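Chain and residue survey
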Amino acid sequence: MHPQVYLSVLTAVAVAAMALYVGLRRERAVVHWLVIALMLSMMLWAAGVGLWRLLSDPQHQETALMLGFAGAFSIPPLWLLLADRFTRRRSFEQRPGLKVAVIVPSALSVLVVLTNSNHHLFVQGFGHQAMGQIDGFAFAGPFFWVSLCWALVLVAGGIALYLSAAFRLAVNKQLWRGLALGTAALGPMVTSAALTSTDLDFTPMGMGISVCLLFVLNWRSRILDTLPIARRHVID
């Protein structure tokens, strides 16, 4: 059995447990629903990639990886919106139009993935045979690269928000808190880099670990409580 299957099972179980834990909390704020949605998207991504490696039927492989891509491209806007909430920027809360501008392109990417069999503008095919016989650049269609670039922009934006908050913590003489926050935020970047040297996709697990750490640091250790915030945010 391919190692990706074990990695995907471990990731799916871990993020499902995290989503259940957050869902059972007494609070029902927007940030909790963002965490749950993000975890479910990661679970779909991990499960899709794992099933793609496990299944032998080409049609089943296509369905599995299609769902995996749908989960993957639904993550970036949730990651950015959660970072905005975690770091208390509230930029998207104050500008609903900006939130729509972030969500709509990713929603269109998911739609293109789910309808790929009708136009093949995302990829030539999702099966093992299609991916094995077609060069990587030829395999991917124009919408794949557009979706990927947009996803990277959103993920980078979220990481930038976390690193900015980490810097503010360090400036306010909370060095260890800043280092902890910065380390947790860089998880997706580190695990994505590992994909270039192996055929295993560690990104869902890396992002899941990052969100879990950020959740623990924020709600258990109250790591962001020392960030300077506006009085109206304190009232919230």
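Residues numbered from 1 in each chain as written. Predicted model: local features only at pLDDT ≥ 70, side-chain atom pairs only at ≥ 80, totals over all residues. Heavy atoms only, no water.

Per the secondary structure count, the protein includes 13 helices and zero strands. Along the protein, from the amino end to the carboxyl end, the secondary structure elements read α-α-α-α-α-α-α-α-α-α-α-α-α. A total of 236 residues make up the protein; the buried ones form 45% of that total. For the protein, long-range pairs separated by at least 24 residues make up 70% of all intrachain contacts whose partners lie at least 6 apart in sequence. Accessible surface for the protein amounts to roughly 12100 Å². Of this, 69% is attributable to carbon and sulfur atoms. (Helix = DSSP H or I, 4+ residues; strand = E, 2+ residues; numbered from the N terminus. Buried < 20%, exposed > 50% of the residue type's maximum accessible area, 1.4 Å probe, protein only. Contact = heavy atoms within 4.5 Å. Areas by Shrake-Rupley, 256 points an atom, 1.4 Å probe, with all protein chains shown as cover.)

A contiguous nonpolar surface patch, about 450 Å² in accessible area, is contributed by M1, Y6, L51 and L54. Secondary-structure assignment places Y6 in helix α1 (residues 3-23). Judged by relative accessible area, which is 53%, Y6 ranks as exposed. (Patch = residues over 30% accessible without salt bridge, like charges linked within 9 Å, V, L, I, M, F, W, Y side chains within 5 Å. Salt bridge = Lys/Arg side-chain N within 4 Å of Asp/Glu carboxyl O.)

Another point: the side chain of S41. By the element assignment, S41 lies in helix α2 (residues 30-54). On the basis of relative accessible area, S41 is assigned to the buried category, the value being 9%. Beyond its immediate sequence surroundings of up to four residues, S41 is in contact with G71, S74, I75 and L78.

The next point concerns unusual backbone geometry. Even without a glycine there, the phi angle at H120 is positive, about 55 degrees. Relative to the helices and strands, H120 resides in the loop between α6 (116-119) and α7 (128-133). With a relative accessible area of 36%, H120 lands in the partly exposed category.

Another point: the packing of aromatic side chains. For the structure shown, the criterion picks out eight aromatic pairs. Here F69 and F73 contribute two aromatic rings whose centre-to-centre distance is 6.2 Å and whose plane-to-plane angle is 15 degrees, an arrangement assigned as stacked. Of this pair, F69 and F73 are both found in helix α3 (residues 58-86), four residues apart, which corresponds to roughly one turn of the helix. The exposure classification of F69 matches that of F73, with both residues buried. When the centroid spacing of 5.6 Å and the interplanar angle of 90 degrees are considered together, the rings of F73 and F122 count as edge-to-face. (Phe/Tyr/Trp six-rings, centres within 6.5 Å; stacked < 30°, edge-to-face > 60°.)

With that settled, consider the nonpolar core. If you look at the biggest cluster of nonpolar residues, it comprises 56 residues, and the most contacted ones within it are W79, L82 and Y162. Residue assignment for this core shows that the elements contributing at least two residues are α1, α2, α3, α5 (96-114), α9 (142-171), α10 (175-185) and α12 (203-220). Considering every element that reaches this core, the biggest residue donor is α3, with 15 residues. Setting aside residues no more than four positions away along its own chain, Y162 makes contact with W79, L82, A83, F86, T87, L181, A185 and L214. (Core = buried A, V, L, I, M, F, W, Y, C linked by side-chain atoms within 4.5 Å.)

Orientation of α1 relative to α2, taken along the N-to-C sense of each, is 160 degrees, at an axis distance of 8 Å. The orientation of α1 with respect to α2, classified from their angle, is roughly antiparallel. Viewed along their axes, α1 and α2 form a crossing whose handedness is left-handed. Touching Q4, V5, S8, T11, A12, V15, A16, M18, A19, V22 and G23 of α1 are H32, V35, I36, M39, M42, M43, A46, V49, G50, R53 and L54, all from α2. (Axes fitted to C-alpha atoms, helices over the stretch in contact; angles between N-to-C directions. Parallel < 35°, antiparallel > 145°, perpendicular 65-115°, else oblique. Left-handed = near helix turned anticlockwise from the far one by under 90°.)

To continue, consider the pattern of salt bridges. All told, the structure shown has one salt bridge when counted by the stated rule. A salt bridge links E93 to R85; the nearest nitrogen and oxygen atoms lie 3.6 Å apart. Overall, R85 belongs to the partly exposed group, its relative accessible area being 23%.

Between the first and last C-alpha of α3 there are 41 Å, a value that for 29 residues agrees with the 42 Å anticipated at 1.5 Å per step. Residue I75 marks the point of greatest curvature in α3, where the axis turns by about 25 degrees; the proline P76 follows within four residues. A side-chain oxygen of the first residue of α3 lies 3.0 Å from the backbone nitrogen of Q59; this N-cap is D57. After α3 finishes, the residue R88 shows a positive phi value of roughly 65 degrees. (Expected span 1.5 Å × (residues − 1). Bend = angle between axes of the 7 residues up to and from the residue. Polar contact = N/O pair within 3.5 Å; in protein donor to acceptor, adjacent residues only side chain to side chain.)

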